[in-house]
Each structure stands twice: as structure tokens, then as C-alpha cells.
Amino acid sequence: MKDFKYIEDVETWLEPMDYRGFWVAVAPYDLVLQRREHCDAQLASGEIDLETVIHVLKHMAKTEITQKQGLERKPIPPRLTLVESH
């Protein structure tokens, strides 16, 4: 199981996952998500498309991991401004 530093780290980790890979990767986190059997049935019936299912699942996983690990957004670095001396 991976510990994350920022919310963006979770997003980056989840982004490339396909449907099968998602279920394998999130299993150790003991997340409260839709049951896979329910998602499989929705997909098989054509009730909902794969892109929508994986988008929603990733959002739910990101939200729960963020809460469990107490993550925040990565701080925005300060802007540097060059000041010309006369």
C-alpha cells in the first residue's frame, strides 16, 4: 500500500489505470466503493459506459484516500518577479 504526500499524487497514480487494474490497485486500501459485481452488471447490461464507471470510481477512490491519509493540495510555489535596478 502506498502513502501519498499530496492529492495530486493520488490523481497521478489513478490516472493511467484501466478498469481491471483499478480494482487490483485499490484492493489494499479497503475503500468503500460500489461493489465490483454491481459495476460489472451495469457495464454488461449497457446501463452505463466504461468511461463513466471508471471516472466515477477513480473520483470516489481519490476522495476516500485523500480523507484517510489527510492529504491536501500541493502548495503553489511563490512567483518570482525580476526587479530591474536603475
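Residues numbered from 1 in each chain as written. Predicted model: local features only at pLDDT ≥ 70, side-chain atom pairs only at ≥ 80, totals over all residues. Heavy atoms only, no water.

## Some words on the layout of surface pockets
- Considering only enclosed or pocket space, the largest pocket measures out at about 170 Å³ in volume.
- Residue lining of the largest pocket: Glu11, Leu14, Glu15, His55, Lys58, His59 and Lys62, and that is the complete set.
- Elements represented by at least two residues in the lining of the largest pocket include exactly helix 1 (7–14) and helix 4 (50–69).
- The element that contributes the greatest number of residues to the lining of the largest pocket is helix 4, accounting for four residues. (1 Å grid on protein atoms, 1.4 Å probe; cavity = no way out; pocket = protein on both sides within 12 Å on 5 of 7 lines; lining within 4 Å. Points joined across faces, edges and corners; volume = space filled by probe spheres on them. Helix = DSSP H or I, 4+ residues; strand = E, 2+ residues; numbered from the N terminus.)

## Side note on the environment of leucine 71
- Within the secondary structure, leucine 71 is located in the segment after helix 4.
- Those residues within four positions of leucine 71 in sequence are excluded, and the remaining contacts are Phe4, Lys5, Tyr6, Ile7, Val10, Ile65 and Thr66. (Contact = heavy atoms within 4.5 Å.)

## Re the side chain of glutamate 64
- Its place among the elements puts glutamate 64 in helix 4.
- Of note is the side chain of glutamate 64, whose polar atom sits 2.9 Å from the backbone nitrogen of valine 32.
- Aside from chain neighbours lying at most four places away, what touches glutamate 64 is Asp30, Leu31 and Val32. (Polar contact = N/O pair within 3.5 Å; in protein donor to acceptor, adjacent residues only side chain to side chain.)

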